[in-house]
Amino acid sequence: MIIAVASGKGGTGKTTVSASLVSVWKRPVLAVDMDVEEPNLHLFLKPESVSTEMAQLAVPLLDKERCTLCGACAELCQFKAISLLGKNLILFPDMCHGCGGCLRVCSEGALRKGQRELGVVETGITAVGIPCMTGRLRIGEAMSPPLMGKVRQRMRAIMGKEFRDVIIDAPPGVSCPAMTSVQDADVILLVTEPTPFGLHDLRLAWQAFRPFGKPMGVVINRAGLGDEKIQAFCSEKELPLLAEIPFRRDIAEHYAHGGVLACLDAGMRTLFENLAERVERLERMALMEVSHA
Ligand code: SF4
Ligand code: SF4
């Protein structure tokens, strides 16, 4: 099972929930930080023996001597990464998605494969033996989905061999990176907070992820801080409310020291164990619905 922990906005406690869920998960689990622009799951899980693999994307390089300026490559590229301007063919490698179409369409052999560095994929293991994978985008790199694609490839390779379960800390928001990170998920957990901003962004996330048709559940962080509008929204949309993390000073202090919330005390551990069970139940119910359909 793959669980994506997402949120419509940053700062709701998504990574806190991911780290705690990882720490109470009953079966071997792989923790994946897909928030490649600002990865911080490792700050909670503290993996050791981290190995780093460079991630690159194949982008075209031009041999001007061979180019006849026919424009076929520019016409094909959906991402406007190649433009024919008068008698100049201009390549924009930062906009290239590495599909390789331009190389195939060039009958003159004027394009060959180059590489653009996307960032790195780091893999380590925590003190209690939980493997963690982190994508880290190169500073200045404009697009995160290609690096996320490399993380997903690596995740699938490890999953096939050793793991059935993966917990993904997804990027916040509802733009392309967030959508990419929930694609593989069996269950999407939406972490929010009881404020007008939390409700607004929860609504956006629900609207954005609903077309995937995956089971979704909600976790309220800092419960008790605001009003009950999140609960009302969940009930109106039939979104299961899976856990409420109370708004408490000791929780904030534990978080401020980089502590995993599930390790704070017995009550917190039970809260996250119950959350893990509810997530599994959500997936089982979704599978049963599919088999009865
Ligand atoms: S398809 Fe090849 S020959 Fe035609 S413009 Fe592109 S690089 Fe030049
Ligand atoms: S590899 Fe694909 S995305 Fe990149 S320039 Fe060629 S056609 Fe465009």
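Look a little higher up for the structure.
Notes on the structure in this doc start here. (Residues numbered from 1 in each chain as written. Chains lettered and ligands numbered in written order. Predicted model: local features only at pLDDT ≥ 70, side-chain atom pairs only at ≥ 80, totals over all residues. Heavy atoms only, no water.)

## Examining the overall build of the chain
Each helix and strand in the chain was counted, giving 10 helices and 11 strands. Referenced to the eigenvectors of the C-alpha coordinate spread, the extents of the chain come out at roughly 70 × 45 × 40 Å. Out of the 293 residues in the chain, the part that is buried amounts to 50%. Of all intrachain contacts in the chain linking residues separated by at least 6 positions in sequence, the fraction that spans at least 24 positions is 72%. In the form shown here, the chain has an accessible surface area of approximately 14600 Å², with 54% of it arising from carbon and sulfur atoms. (Helix = DSSP H or I, 4+ residues; strand = E, 2+ residues; numbered from the N terminus. Buried < 20%, exposed > 50% of the residue type's maximum accessible area, 1.4 Å probe, protein only. Contact = heavy atoms within 4.5 Å. Areas by Shrake-Rupley, 256 points an atom, 1.4 Å probe, with all protein chains shown as cover.)

## Concerning the packing of helix 7 (residues 196–209) against helix 8 (residues 229–237)
Viewed as axis vectors pointing N to C, helix 7 and helix 8 meet at an angle of 20°, and their least axial separation amounts to 10 Å. Of the possible angle classes, the one that applies to helix 7 and helix 8 is roughly parallel. Taken as a pair, helix 7 and helix 8 cross one another with a handedness that is right-handed. Contacts between helix 7 and helix 8 involve Gly198, Leu199, Leu202, Arg203 and Trp206 from the first element and Lys229, Ile230, Phe233 and Lys237 from the second. Here the contact of helix 7 with helix 8 is built from residues that sort into 5 nonpolar, 1 polar and 3 charged. (Axes fitted to C-alpha atoms, helices over the stretch in contact; angles between N-to-C directions. Parallel < 35°, antiparallel > 145°, perpendicular 65-115°, else oblique. Left-handed = near helix turned anticlockwise from the far one by under 90°. Nonpolar A, V, L, I, M, F, W, Y, C, P; charged D, E, K, R; others polar.)

## Some points on the site of ligand 1
Taken together, Leu62, Cys67, Thr68, Leu69, Cys70, Gly71, Cys73, Leu89, Cys106, Glu108, Ala110 and Leu111 form the complete shell of residues around ligand 1. In the shell around ligand 1, the residues fall into 9 nonpolar, 2 polar and 1 charged. (Near = heavy atom within 4 Å.)

## Topic: the site of ligand 2
Every residue close to ligand 2 is listed here: Pro60, Cys77, Phe79, Ala81, Ile82, Cys96, His97, Gly98, Cys99, Gly100 and Cys102. Across the shell around ligand 2, the residue classes break down as 8 nonpolar, 3 polar and no charged.

## Comments concerning the environment of Phe44
Residue position: Phe44 is located in helix 2 (residues 41–45). Judged by its relative accessible area of 10%, Phe44 falls in the buried class. A sequence separation of 190 residues divides Phe44 from Cys234, and the C-alpha atoms of the two residues are 29 Å apart. Contacts of Phe44, omitting those with residues within four sequence positions, involve Thr15, Thr16, Ala19, Tyr255, Gly258, Gly259 and Val260.

## So, unusual backbone geometry
One non-glycine residue, Ser49, adopts positive backbone phi at about 45°. By the element assignment, Ser49 lies in strand 3 (residues 48–62). The exposed category is assigned to Ser49, whose relative accessible area is 67%. Its identity is not glycine, yet Arg222 carries a phi of approximately 60°, on the positive side.

## Overview of the side chain of Asp35
Its place among the elements puts Asp35 in the loop between strand 2 (29–33) and helix 2. One buried charged residue, Asp35, forms no salt bridge at all, with the nearest opposite charge on Lys14 at 4.1 Å. Apart from the residues lying within four places of it in its own chain, the contact partners of Asp35 are Lys14, Asp169, Ala170, Pro171 and Pro172. (Lys, Arg positive; Asp, Glu negative; His and termini not counted. Salt bridge = Lys/Arg side-chain N within 4 Å of Asp/Glu carboxyl O.)

## Notes on the packing of aromatic side chains
Enumeration according to the criterion identifies 2 aromatic pairs in this entry. Measuring from centroid to centroid gives 5.9 Å for Phe44 and Tyr255, while their planes differ by 35°, and the two rings are tilted. Of this pair, Phe44 sits in helix 2 while Tyr255 sits in helix 9 (residues 249–256), and the two are 211 residues apart along the sequence. Judged by relative accessible area, which is 47%, Tyr255 ranks as partly exposed. (Phe/Tyr/Trp six-rings, centres within 6.5 Å; stacked < 30°, edge-to-face > 60°.)

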